[in-house]
Every structure is written in C-alpha cells, then in structure tokens.
Amino acid sequence: MSSLSSSSSSPTSSSPDSPLINLSNSMVYITRKVPSSGINHLIKAGVKVKQWDSEEVIPRDVLLEQVKGVDALFCLLTEKIDEEVIEAAGPKLSVVSTMSVGYEHISLDICRKKNIKVGFTPDILTPATTELTMALLLAVSRRIVEGFNAIKAGEWQTWKPEWMLGRGLQNSTVGIVGYGRIGQAVAACLWPLGVSRILYSTRQGMAEYVSFDELLELSDFVICACSLNNTTREIFNRDAFSKMKKTSIFVNISRGGVVQQNDLYWALKNKVIWGAGLDVTIPEPLPPFHPLLTLPNIVISPHIGSATVETRSDMCMFTAKNIICGLLNKPMPGRIV
Ligand SMILES: O=C(O)[C@H](O)CO
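These numbers were taken from a predicted model, which means no experiment stands behind them. All residue numbers refer to positions counted from 1 along the written sequence of the respective chain. The predicted nature of this model means local features are confined to residues of pLDDT at least 70 and side-chain atom pairs, given and counted, to a pLDDT of 80 or more, with totals for whole chains, interfaces and linings taken over all residues. Calculated side-chain values reflect all of the structure's heavy atoms, with hydrogen atoms and water omitted.

1. Section: the site of the ligand
Under the convention used in this document: Residues are classed as near a molecule or strand on a simple rule: at least one heavy atom within 4 Å of it. Pairs of N or O atoms within 3.5 Å make up the polar contacts considered here, provided that, within protein, one atom can donate a hydrogen while the other can accept it, and that residues adjacent in sequence are counted only when both atoms are side-chain atoms. For accessible areas, the Shrake-Rupley method is used with a probe of radius 1.4 Å. Any residue's cover is judged against the shown protein chains and nothing else. For this classification, the nonpolar set comprises Ala, Val, Leu, Ile, Met, Phe, Trp, Tyr, Cys and Pro, the charged set comprises Asp, Glu, Lys and Arg, and every other residue, Gly included, is treated as polar.
Taken together, L77, S100, V101, G102, L125, R255, H303, S306 and M315 form the complete shell of residues around the ligand. At 2.7 Å, a side-chain N or O of R255 approaches an oxygen atom of the ligand. S306 is positioned with one of its side-chain polar atoms (N or O) 2.5 Å from an oxygen atom of the ligand. In the complex, 90% of the free accessible area of the ligand, which totals 230 Å², lies under the protein chains. Residue composition of the shell around the ligand, grouped by class: 4 nonpolar, 4 polar and 1 charged.

Structural data, given as structure tokens:
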C-alpha cells in the first residue's frame, strides 16, 4: 500500500527557508499514515512525497523497495533504519528523520559514514510524556485499575478504613533514572506533591546525585526515563529489583529494553517490589496472554507517552521541518547526526 500522495505545485517558490535551492526534484518517503500537519509542510516546501499510507507497520520488503532513490526518509520508531535500508535507498539519501525522541532504531554509525543527517523530535513530546508518567505512577500507587476491577467483580462492599490502601507521594523519595528532558519535567511535577527527595544517577540537575544502586535502595518510587543504549539495556533486572524496597513502585516510560521482563514478573509476583507501571514493553504489542497481564499490581499502557492529538501533530510537523532544513542544508531543529 504505497501511494504517491502529492507533489509540488510551485517548486521554485516552494521553500520558505531558502528560495535558492529547488526542492522539486527531491523525493521524501514517509513510512506510515501520519498527521496531515507534516505532510502539508513538506508539500508546501515543494518536495514530492511518497507514503506507506496505512496504520500498520510497513513490511520490510516493501520498505526496501519503496526507499529506492529517495532523498529523505520520514520514519517512525517501528522501522529499523540500518545499512540494508540505507543501501537500498541509494546515494541520494541525505536526510533521515524519525517522528520520535528515541532513535535506537537508526544505525547512526552508518549514517555518519554516508554523510546522512539524522533528525529526531526532542522537547515537544516532553509535556505529554510527563503527564503519562504521572498517570501511570498514580494509577499504580493509588490502585486505580485494581479498584476498578474490584468494582466490576462485585468486591466493593462498603467504605473500609483499610481497603485498597495505596502509597502516597508525600514525604517519599523518588529516584529518576535518566534525568534528561522528561526526567526533569517529571521531577517538576513531583515537588508540589510533597516528595521529600528526588534522586538521580545519570546526569546533573536540581536533584541529588547518588549511585544507581543507592537510588534503587533509597527510593520509594523509581521512574525510568533514560534512553535505550548498550549501557542501559536490561539495567532493571533481578539484581536491581532485589535492591529496591519491598514497598517501591517502578515506572518505565523509556523503552521496554531497559527491563529484563521475566525478572520484573518475578519481582512483582514475589512481592520483591510493590507495583509497576509500564508504557513500554518487549515485545510491542504485548500479547494479550502475557504473564505480566495476570498480575494485580501492574498497570500497562500501550506506548502512548506522546499520544495526544496536539503532540503527535507537532511531532509530525517537527519531523517535516527537520527534513526540509536537512535538504536545504540549513540547521535542523532536532539533529542527532
Ligand atoms: O521515542 C518516542 O518519541 C516515544 O517513545 C514515542 O513518542
């Protein structure tokens, strides 16, 4: 399902950024149905746009076929942009931009070697992802889903002083692993709720620096907002969960790959930790019969950290701007390589 969605109507006046470079011969391939904001921006800039116009992930063989000869690639976190794709695209490919802040799906080394610029969408999804982090944290700590399920099962008999008790944030210690844009925004939401300490282990900021092990040992809530790379893969494993408090709650909004999921299951099942909220899993989608879904002390959302109407539209626009700036040899608003 690949279609030529559009082409330039006025190529010479097409670029708002530089009238000197004519983009009318440039072809951009978009790997999914995305909000119209970005597509319109590309069209107005005068480039030709081809698209996998579907909600479903583009099959690998179709991607390899469709990218042939394109100048720029607009991709999502679901496509592995590796040497094979870059070779299939050929020598004209000069910009790859992903509509995500995470970019572990792109082979940066190959892009560097081939002089291909790589863009991503930092900052604009920080508020939406922060909201979702807080939603998961509170859903687990205040047992929202468990309570809802209890109502549906007819288990809500009366108001009881010691039923469905959760864990409050006031006077608690929160550890944030990955104290970057999102981690710091989450911290800003937590202070007004009366937490007494916020710990981080990876970057500088307003919070207190401690080692990763100390963070695990001291925190009542552990929030993971770091990127996935070789140093963070499966850092939340049996060893890490064993160091956490039995009363602690773990929230992951980064990537499923930072967690050893069998170990998380073990930790939740055996009450090594109190609860968990996940927006990201391995695999995605998580199969409906996955063992994690049988546990009462977990809430899982389907990777919707940035999923607000406004944020997804902004991300799409940002990706399109990255591509146009990259093609025009202008500074890209969000550039990795
Ligand atoms: O990397 C990202 O951008 C998020 O995981 C999805 O928006």
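On we go.
2. A short note on the nonpolar core
Side chains that are nonpolar tend, in soluble globular proteins, to be buried together. This is how it is decided: Note on terminology: a nonpolar core comprises buried Ala, Val, Leu, Ile, Met, Phe, Trp, Tyr and Cys residues joined through side-chain atoms within 4.5 Å. For the exposure calls, accessible area comes from a 1.4 Å probe over protein chains only, and a residue counts as buried if that area is under 20% of its type's maximum, exposed if over 50%, partly exposed in between. Each helix is a run of DSSP H or I of at least 4 residues and each strand a run of E of at least 2, with the numbering of both proceeding from the N terminus. For this analysis, residues touch if any pair of their heavy atoms sits within 4.5 Å.
Counting residues in hydrophobic clusters, the biggest one holds 50 residues, and the most contacted among them are V28, L42, F74, L137, I176 and L190. Of all the elements, helix α11 (residues 309-327) adds the most residues to this core, at 7 residues. Among residues more than four places away in sequence, those in contact with L190 are M134, L137, L169, V174, I176, V195, I198 and I223. Of all hydrophobic cores here, the second largest spans 27 residues; its members include C224, A267, A276 and L278.

3. Topic: the pairing of strand β12 (residues 275-278)
Note on strand geometry: in a regular strand, side chains alternate between the two faces of the sheet. Here is the rule: Think of it this way: DSSP has to see at least two bridges between two strands before they count as a pair. When the strands point away from the viewer, a crossover counts as right-handed if the path from the first strand over the helix to the second runs clockwise.
Of the two faces of β12, the one carrying G275 and G277 and the one carrying A276 and L278 are both buried. Bridge count between strand β11 (residues 249-252) and β12: 4 bridges; the pairing is parallel. Residue pairing across strands places F250 opposite A276, the latter belonging to β12. In the classification by handedness, the crossover that spans β11, the intervening helix α10 (residues 261-269) and the parallel β12 is right-handed.

4. Focus: the pattern of salt bridges
Cut-off, in case you're wondering: For this document, the term salt bridge refers to a Lys or Arg side-chain nitrogen within 4 Å of an Asp or Glu carboxyl oxygen.
Taken as a whole and judged by the stated rule, the model has 14 salt bridges. In this structure, E79 engages R32 in a salt bridge whose closest nitrogen and oxygen atoms are separated by 3.9 Å. You can see E79 sitting in the loop between β4 (72-75) and α3 (83-89) and its partner R32 sitting in the loop between β2 (27-30) and α1 (36-45), a full 47 residues away along the chain. On the accessibility criterion, R32 (11% relative accessible area) is buried. The partner of D82 in a salt bridge is R60, with the nearest N and O atoms 2.8 Å apart. One end of the pair, D82, is in the loop between β4 and α3; the other, R60, is in helix α2 (residues 60-66), and 22 residues separate them in sequence.

5. Considering the environment of T129
Checked against the element boundaries, T129 lands in helix α5 (residues 126-141). For the pair T129 and I182, spaced 53 residues apart in sequence, the C-alpha to C-alpha distance is 7.1 Å. Apart from the residues lying within four places of it in its own chain, the contact partners of T129 are I182, I253, G305 and S306.

6. Comments concerning the packing of α1 against α11
Our working rule: A fitted line through C-alpha atoms represents every axis, and for helices the fit uses only the stretch in contact; the resulting angles, taken between N-to-C directions, go from 0 to 180 degrees. By definition in this entry, angles of less than 35 degrees are roughly parallel, angles greater than 145 are roughly antiparallel, angles of 65 to 115 are roughly perpendicular, and the rest are oblique. Each crossing is labelled by how the near helix is turned from the far one, with a counterclockwise turn of less than a right angle marking it left-handed and a clockwise turn marking it right-handed.
At a minimum axis separation of 7 Å, α1 and α11 run at an interaxial angle of 25 degrees. Regarding the angle of α1 to α11, the classification is roughly parallel. Seen from above, α1 lies across α11 with right-handed handedness. Contacts between α1 and α11 pair S37, G38, H41, L42 and A45 from the former with S313, C316, M317, A320, K321, I323 and I324 from the latter. Of the residues in the contact of α1 with α11, the class split is 7 nonpolar, 4 polar and 1 charged.

7. Quick word on the domain arrangement of the chain
Using the following cut-off: Boundaries of every domain are those given by an automatic assignment or by a domain database. Buried area is understood as the total, over both parts, of accessible area removed when two parts are fitted together, assessed with a 1.4 Å probe.
For the chain, the domain assignment lists domain 1 (27-122 + 310-328) and domain 2 (125-155 + 163-300). Measuring from the centre of the C-alpha atoms in domain 1 to the corresponding centre in domain 2 gives 32 Å. Contact residues are listed per partner, giving 9 residues for domain 1 and 5 residues for domain 2. Summed over both sides, the interface between domain 1 and domain 2 buries roughly 660 Å², with carbon and sulfur atoms accounting for 62% of that surface. If you look at where domain 1 meets domain 2, you find 1 salt bridge. Here R255 makes a salt bridge to E104, at a shortest N to O gap of 2.6 Å. Across the side of domain 1 that touches domain 2, the residue classes break down as 5 nonpolar, 3 polar and 1 charged.

8. Here we look at the sheet that holds strand β9 (residues 208-209)
Spatially, β9-β8-β7-β10-β11-β12-β13 is the arrangement adopted by the 7 strands of the open sheet, whose pairing is parallel. The sheet is open, and its two edges are formed by β9 and β13 (298-300), each paired on a single side. Both strand β10 (residues 221-224) and β11 contribute to a ladder of 4 bridges, which runs parallel. Bridge pairing in β11 places F221 opposite I249. Contacts from α5 reach β10, β11, β12 and β13 within the one sheet, and its direction differs from that of β11 by about 150 degrees.

9. Some thoughts on unusual backbone geometry
Residue P283 is reached from I282 by a cis peptide bond, and omega for that bond is -5 degrees. Note that P283 resides in the loop between β12 and β13. The backbone phi angle of N171 is positive, close to 65 degrees, even though this residue is not glycine. Among the secondary structure elements, N171 is positioned in the loop between α6 (144-152) and β7 (173-177). The class for N171 is exposed, based on a relative accessible area of 61%. A positive phi is found at E234, a non-glycine position, where the angle reads about 55 degrees.

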